[in-house]
Amino acid sequence: MERSAIAVLGHLSSSELIQSAKNLAFYLPIKGEISCWPIIEYALSLNKNCYLPKVFPNKKRGMWFLPYSGKESVQQGPYGILEPTAKISEAIRPSDLDIIFVPLVAYDQSGNRLGMGGGYYDTTLAQSHKNKQQPHLVGLAYNFQQVPIIPTQSWDKKLDAIVTPSYFRRFNEPSD
């Protein structure tokens, strides 16, 4: 799995997408998801501001993006997932993020994504939709996660790009 994550980093590091970004949000992998660790370390080496999601039980399907500064800034949360330890007052609005790297179970070539079913990303992004600027949503996946078509609902947010060990594809733009 680490080899796949490094291949993904190779595509991203040669792209203008990360170079021009200031605030990036990542996820920490669970259940076989492709790892963000190499990309996070790379972003930190470029002095980018890195954020991780934290789900709060009292907010229905909501999450905050809190600062990540190194492995000492996370701890295991109630669901067994590593979460940032920063205070909510340090959270960044999703609209202030340049890129959100999102996990997925499957994706199609139209930019549709199937997540784990909790709706956390769609809900969080819908709440920030009032602002004109939206972050780029970049899915990270293994090649085998591509499917012919994913049924969608009106609230589903499309990916702006997908990165796999084999390629980096922006939707509605030429490939990098």
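Above: the structure in question.
Residues numbered from 1 in each chain as written. Predicted model: local features only at pLDDT ≥ 70, side-chain atom pairs only at ≥ 80, totals over all residues. Heavy atoms only, no water.

Q: Quick rundown of the sheet that holds strand E10 (residues 161-163)? Include the residues and the values.
A: Reading across the sheet, the 7 strands line up as E3-E2-E1-E6-E9-E10-E11 and stay open at both edges, with mixed pairing between neighbours. Each edge of the open sheet carries a strand with a single partner, namely strand E3 (63-68) and strand E11 (168-170). Neighbouring strand axes in the sheet, compared pairwise and without regard to direction, differ in orientation by 25° on average. Of the pairings in the sheet, the one linking strand E6 (residues 99-102) to strand E9 (residues 136-140) comprises 4 bridges and is parallel in character. Considered in E9, the bridge of Ile100 is made with Leu137. (Pairing = 2+ DSSP bridges. Helix = DSSP H or I, 4+ residues; strand = E, 2+ residues; numbered from the N terminus. Axes fitted to C-alpha atoms, helices over the stretch in contact; angles between N-to-C directions.)

Q: Describe a nonpolar patch on the surface, and please don't skip the residues or the numbers.
A: On the surface, Val105, Leu114 and Met116 cluster together to form a nonpolar patch covering roughly 260 Å² of accessible area. Structurally, Met116 is set in the loop between strand E8 (113-114) and helix H4 (120-127). Using a relative accessible area of 49% as the deciding quantity, one classes Met116 as partly exposed. (Patch = residues over 30% accessible without salt bridge, like charges linked within 9 Å, V, L, I, M, F, W, Y side chains within 5 Å. Areas by Shrake-Rupley, 256 points an atom, 1.4 Å probe, with all protein chains shown as cover. Salt bridge = Lys/Arg side-chain N within 4 Å of Asp/Glu carboxyl O. Buried < 20%, exposed > 50% of the residue type's maximum accessible area, 1.4 Å probe, protein only.)

Q: Outline the packing of aromatic side chains, listing residues and values.
A: The tally for this structure, following the rule as stated, stands at 3 aromatic pairs. Aromatic side chains Tyr142 and Phe144 sit 5.5 Å apart centroid to centroid with 5° between the ring planes, which places their arrangement in the stacked category. Note on Phe144: relative accessible area 67%, which makes it exposed. We note Lys71 situated over the ring of Trp37; from NZ or CZ to the ring centre the distance is 4.6 Å. (Phe/Tyr/Trp six-rings, centres within 6.5 Å; stacked < 30°, edge-to-face > 60°. Lys NZ or Arg CZ within 6 Å of the ring centre and 35° of its normal.)

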